[in-house]
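What follows is the residue order along each chain.
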Amino acid sequence: YMGELYLYREQSGMVVVNQVDMENYIAAVISSEIGEESSLEALKAQAVCARTYAWKQIQEQRLHELEADVDDTVNFQVYGNMEPQIFRCTTE
């Protein structure tokens, strides 16, 4: 992931927030959703759609309680296109 990662503890567990600027976010969404090998016009159209969708989600503040604007799953837009990963943390 690009940008900065923030971790904080909630009662239900750890929350990970990846802070990234809009242009890098859009680039990652495009490559995750339609792939960089798509035609230039398809990439342009996807960029417009992805940016518009992200902006709408930011305005609605749907993830305000998590101090986030969007999430990285298909519930919003695919960002990173990675398989879920499990990390174990210890306090030692």
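Here we summarise the structure given alongside this text.

The rules we used
Residues numbered from 1 in each chain as written. Predicted model: local features only at pLDDT ≥ 70, side-chain atom pairs only at ≥ 80, totals over all residues. Heavy atoms only, no water. Helix = DSSP H or I, 4+ residues; strand = E, 2+ residues; numbered from the N terminus. Buried < 20%, exposed > 50% of the residue type's maximum accessible area, 1.4 Å probe, protein only. Contact = heavy atoms within 4.5 Å. Core = buried A, V, L, I, M, F, W, Y, C linked by side-chain atoms within 4.5 Å. Polar contact = N/O pair within 3.5 Å; in protein donor to acceptor, adjacent residues only side chain to side chain. Axes fitted to C-alpha atoms, helices over the stretch in contact; angles between N-to-C directions. Parallel < 35°, antiparallel > 145°, perpendicular 65-115°, else oblique. Left-handed = near helix turned anticlockwise from the far one by under 90°. Salt bridge = Lys/Arg side-chain N within 4 Å of Asp/Glu carboxyl O. Pairing = 2+ DSSP bridges.

Some words on the overall build of the protein
For the protein, the count of helices and strands is 2 helices and 2 strands. Listing the helices and strands of the protein from first to last along the sequence gives β-β-α-α. For the protein, with 92 residues in total, the buried portion stands at 22%. Long-range pairs, those at least 24 residues apart, make up 41% of the contacts in the protein between residues at least 6 apart in sequence.

Structural notes on the nonpolar core
Membership of the largest hydrophobic core is limited to 9 residues, which are Tyr25, Ile26, Ala28, Val29, Ile30, Ala47, Ala50, Ala54 and Tyr79. Sorting the residues of this core by element identifies α1 (22-33) and α2 (40-60) as the ones contributing at least two each. Ignoring anything within four residues of it in the chain, the contact list for Tyr25 reads Val20, Ala54, Val70, Asp71, Gln77 and Tyr79.

Remarks on the environment of Asp21
Note on placement: Asp21 falls in the loop between β2 (13-19) and α1. Through-space distance from the C-alpha of Asp21 to that of Met2 is 9.1 Å; in sequence the pair is 19 residues apart. At a separation of 2.9 Å, a polar atom in the side chain of Asp21 contacts the main-chain amide nitrogen of Asn24.

Focus on the packing of α1 against α2
Relative to each other, α1 and α2 sit at 125 degrees, their axes nearing to 9 Å. What the angle tells us is that α1 and α2 run oblique. Judged by the sense of rotation from one axis to the other, the crossing of α1 with α2 is right-handed. Across from Met22, Glu23, Tyr25, Ile26, Val29, Ile30 and Glu33 in α1, the residues of α2 making contact are Leu43, Gln46, Ala47, Ala50, Arg51, Ala54 and Ile58.

Comments concerning the pattern of salt bridges
Within the structure shown, the criterion is met by 3 salt bridges. Among the salt bridges present, the one from Glu23 reaches Arg51, with a minimum N-O distance of 2.7 Å. Of this pair, Glu23 sits in helix α1 while Arg51 is found in helix α2, placing the two residues 28 residues apart along the sequence. On the basis of relative accessibility, which here comes to 46%, the residue Glu23 falls in the partly exposed class. A salt bridge links Glu60 to Lys56; the shortest N-O distance between them is 3.2 Å. Within this pair, Glu60 and its partner Lys56 are both found in helix α2, separated by 4 residues, close to a single helical turn.

Comments concerning the pairing of strand β1 (residues 4-10)
Alignment of β1 against β2, held across 7 bridges, turns out to be antiparallel. When the bridges of β2 are listed, Leu5 appears paired with Asn18. Once β1 ends, the chain turns through 2 residues before running back antiparallel as β2.

None of the figures reported here should be taken as evidence of function without further support.
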